[in-house]
Every structure is written in structure tokens, then in C-alpha cells.
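The lines below spell out each chain.
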Amino acid sequence: MRRPVRAYEYCGRGFENASHERGIAVTGRFAPTPSGRMHIGNVYAMLAAWLSARSQGDRMLLRVEDVDKPRVIAGADQLMMDDLRWLGFDWDNAASPMYQSCRTERYEYALECLRSQGVLYPCFCSRTDIRAASAPNEGDGFMVYPGTCRRLLHEQPKEVQARLARGDQHSMRIAMPPSSPDRNVYFDDCVYGPQQYDLPREVGDSVIRRADGLFGYQLVVVVDDLDMGVDDVVRGRDLLRSTALQMWIRQCLLAGGFEPECGTAIADPEYAHLPLIDNAAGRRLAKRERSLDMGALRARGVTPEQIIGFCAWLLRLRPTSEPVAASGLLDDFSWNPLRANHPDRALDPTDPNTPQWLADAL
Ligand SMILES: [Zn+2]
């Protein structure tokens, strides 16, 4: 499935030498969190992101998502980059990858743009308060914020002022639009097809700066993608709902005068969300599963082609998990096979397509 080509006007720092003879491009990104070595599930997502951009000859950028400092492990960024290169991937900002931890000023600026739109308010609720006041949404544990502090601000603005003046700990939330036809967000996902979310009912007012002062994931991703000119986003399907929220944040930022560092306000990104990969016990893969991380697999002599071949099979790009180089998948890359058939997968040692090196690690 080819997407419509968009005007290419990127003129951001560090990319002046990117060669784009056609004068048009999409921009994809890797956005790993340096909280440990990459595992098979990360490689699967990175392969999909890289193929999506590079199969069209387009730009690929690396961003290190180290804004959540408690989770960051020193040196993990370098190991991840080394693993990515070893796997056969490349990216255009190799000389100066983006680090979220260096971008506080941009996030402050974004917060000001949102504030100018009147969509922010302080929230004094604890997790327990929110859990007590809301019903979890259809089975996935997601809780729509019940709007407690939005009502507080509306009904008792003096009380809110007093609490702020006294220094009560609070997060900042972005308000969803009021009930109207505009409150629905639509996008056509490359894998899951047409998506529609009712923002107030299914997403709810969301934290964009946490009570501990850290900027929320949902805000920084939107700001970074705008600043990098990213318009090709590939990630797990657990973020489908986040996409609806991020599209709203993006809309509010641009309405608030946000000027992307890349110098141009680009069209909404294309999104491809991927089926999730579980471990043999049916749980999401986690970085603590050491036997499946790149460090362990490389130490055991597993080759990049073996790992890529298995991930290509997960992405339904190949009928078997035979070894293949990442570059060997560029020519006939398409989302169509995955779009046609995309249940979540579990790593199963008894599946004939599970290679021996992986079965040994499970
Ligand atoms: Zn609250």
C-alpha cells in the first residue's frame, strides 16, 4: 500500500546533506527507550519502521526516548545503536541523534502553546483518587480520567488558586474537546484499517506534565515528531488509542502557534500499528527477559540475518523464518499481508517456524 507523496520541505539542523533527488520524502523514526538491551519485539518494530521509510527511499531518524529518567540505564543508548547497526539498519541523523533529555526547552515551549489555547488545567488527583472515581475501559485496564479537577476549576476556581499558591503537588492535563462532531478522531491505520475514537469518552483528559515535573510521554512524542518532521509512525497496537490523543495534542499545538524546528508544519503522519508479540507464556515481552535480548543472542552466535528473517516472518513479509538481510526486504515491502491478517503472536517453541536458536532461548 503506497501512500500519497507529500511536499518535501525539510530544512532542519543536521540534515542538509540528505540526498533526495525526487525532492519529496516521508520521514520515519526509530524511537527506542534506553532502558536495557533490545529484545526480539523491539527489533520487529524497528524492522517495520525502517522498511516503511527506506523502501520508499526515504529518511529515517533516530530518537532516544530518555525523558523518563528513572527507567534509563547509562550506556544503553550506545548498545542499542550498536545493535541497530549490527542488524543492518541505518539512519540519517547518525552524527546527532535526538535525545529527549536535552529538549526540556522545547517541551516548555509546547506547554506554553497549549496554555495559550486554554486547554490545560492542573490536576491534584492521586492514582487512587482516579481509580476510585472511574470505571476501566473495555478490559484493557485503561482508565478515562473522570474530570474531577476540570469540574473543580469550573466550580471553585478560588480553591484551585489557593491550592496552587500553597504549592500542592499537581499534574497538568490537556482537556479533550467538548461534545460536538469534532470530538471524533479518525485515521486509516496501515495495518488495522480505519480507526475512530471519541476523545472525551474513549481517551479523556490526559496528563502531559506529571506531578513529579517530568513531561508526559504523550506530549514529548508529538513535539519530537513535529520538530523532526516525522510523518511515518510505526509502533505497537497498544498505542492505537494514544494516536488519537496525540492527533488532538498536535492539533492544539499547531493552533497555539507551535513552530516546528524542522521549519514546516507537515501533514498528519501515516500510522502503522503492529500486532503485539508475547513470550511463550503469553505475556508481553519485557527487557528483563534476558535470554531474548540482543546481548544474549549475539553472544550465542546468532546472526543478524537469522533475527531479521524471524522478524520478517512475524511481519508476514516472508512465508518462512529463513535468514535474510534487512536490505533484502526493501524491494517488495508492503503492509498488505499484515493488514490482511494481524492477530497478536506468541513466541512458541513448538511452532515449526520458530528457529532452533530462538526455541533454545525460550
Ligand atoms: Zn484531578
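Predicted, not measured: the structure shown is a model, and the values here were computed from it. (Residues numbered from 1 in each chain as written. Predicted model: local features only at pLDDT ≥ 70, side-chain atom pairs only at ≥ 80, totals over all residues. Heavy atoms only, no water.)

I'd love a proper account of the sheet that holds strand 5 (residues 171-174), names of residues and values included.
If you walk across this open sheet you meet the three strands as 4-5-8, and the pairing is antiparallel. Of all strands in the sheet, those with a lone pairing partner are strand 4 (120-123) and strand 8 (206-209), marking the two edges. Within this sheet the neighbouring strands show an average axis-to-axis angle of 45 degrees, counted without direction. Of the pairings in the sheet, the one linking strand 5 to strand 8 comprises three bridges and is antiparallel in character. Looking at the pairing, Arg-173 lines up with Val-207 of strand 8. Along the sheet, helix 9 (residues 240-255) contacts strand 5 and strand 8; its crossing angle with strand 5, the most-contacted strand, is approximately 90 degrees. (Pairing = 2+ DSSP bridges. Helix = DSSP H or I, 4+ residues; strand = E, 2+ residues; numbered from the N terminus. Axes fitted to C-alpha atoms, helices over the stretch in contact; angles between N-to-C directions. Contact = heavy atoms within 4.5 Å.)

Talk me through the pattern of salt bridges; I want residue IDs and the actual numbers.
Counted under the stated rule, the structure contains 24 salt bridges. Of the charged contacts, one joins Arg-103 and Asp-224 as a salt bridge, the two residues approaching to 2.8 Å between their closest N and O atoms. Placement of the pair is Arg-103 in the loop between strand 3 (98-99) and helix 3 (104-116) and Asp-224 in helix 8 (residues 217-228), with a sequence separation of 121 residues. Accessibility assignment for this pair places Arg-103 and Asp-224 in one class, buried. Close ionic contact of Asp-227 with Arg-103 constitutes a salt bridge, the shortest N to O distance being 2.7 Å. Residue Asp-227 is located in helix 8, and its partner Arg-103 is located in the loop between strand 3 and helix 3; the two are separated by 124 residues in the primary sequence. Each member of the pair Asp-227 and Arg-103 is classed as buried. (Salt bridge = Lys/Arg side-chain N within 4 Å of Asp/Glu carboxyl O. Buried < 20%, exposed > 50% of the residue type's maximum accessible area, 1.4 Å probe, protein only.)

Describe the side chain of Asn-42, with residues and values.
With respect to the helices, strands and loops of the structure, Asn-42 is situated in helix 1 (residues 40-54). A polar atom in the side chain of Asn-42 sits 2.8 Å from the backbone nitrogen of His-39. (Polar contact = N/O pair within 3.5 Å; in protein donor to acceptor, adjacent residues only side chain to side chain.)

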